[in-house]
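Examination of the molecular architecture
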Amino acid sequence: MRIANLIRGLQSFASRDSKTEQIDISTTINAVMNLVKTQFYKRSIQIEVEIGKVPVFMGNPITFQQIVLSGMLAPNGELSITGS
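This text gives an overview of the structure that appears in the document. (Residues numbered from 1 in each chain as written. Predicted model: local features only at pLDDT ≥ 70, side-chain atom pairs only at ≥ 80, totals over all residues. Heavy atoms only, no water.)

The subject of this paragraph is the overall build of the protein. On a plain count of helices and strands, the protein comes out with three helices and two strands. Starting at the N terminus and ending at the C terminus, the protein contains elements arranged as α-β-α-β-α. The 84 residues of the protein split such that 30% are buried. Long-range pairs, those at least 24 residues apart, make up 86% of the contacts in the protein between residues at least 6 apart in sequence. Carbon and sulfur atoms form 52% of the exposed surface of the protein, whose accessible area is close to 6,000 Å². (Helix = DSSP H or I, 4+ residues; strand = E, 2+ residues; numbered from the N terminus. Buried < 20%, exposed > 50% of the residue type's maximum accessible area, 1.4 Å probe, protein only. Contact = heavy atoms within 4.5 Å. Areas by Shrake-Rupley, 256 points an atom, 1.4 Å probe, with all protein chains shown as cover.)

In structure tokens, the structure reads:
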């Protein structure tokens, strides 16, 4: 699956690049949503993301993107949808 391969690539890349910089949460979440939107669409899943004003923080942007992406996926590489 394309997303599972992406996660493995991000893990590999993140272990080599531990660069710390400012991370914009809104931009990162929107980028991850663009990655998974096709999979959501195929499963007839609609999602709305509303992000208020949030501060930037310091961290590794690749690692943070991986955390957001992993939060949307189950360990077996399938999408995990919870909540109401």
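This next bit is on the environment of Pro61. As for its position among the elements, Pro61 is in helix α3 (residues 61–72). Exposure remark for Pro61: the relative accessible area of 24% places this residue in the partly exposed category. The sequence separation of Pro61 and Thr28 amounts to 33 residues, and the corresponding C-alpha distance is 8.0 Å.

Before going further, it helps to spend a moment on α3. Over its 12 residues, α3 runs 17 Å from end to end, which matches the ideal 16 Å to within 8%, given 1.5 Å per residue. Restricting attention to buried positions, one finds in α3 the residues Ile62, Phe64, Gln65, Gln66, Val68, Leu69 and Met72. (Expected span 1.5 Å × (residues − 1).)

So, about the nonpolar core. Ranked by size, the top nonpolar core spans 11 residues in total: Ile23, Ile29, Val32, Met33, Val36, Phe40, Phe64, Val68, Leu69, Met72 and Leu73. Mapped by element, the contributors of at least two residues to this core are α2 (25–42) and α3. At five residues, the largest contribution of residues to this core is made by α2. (Core = buried A, V, L, I, M, F, W, Y, C linked by side-chain atoms within 4.5 Å.)

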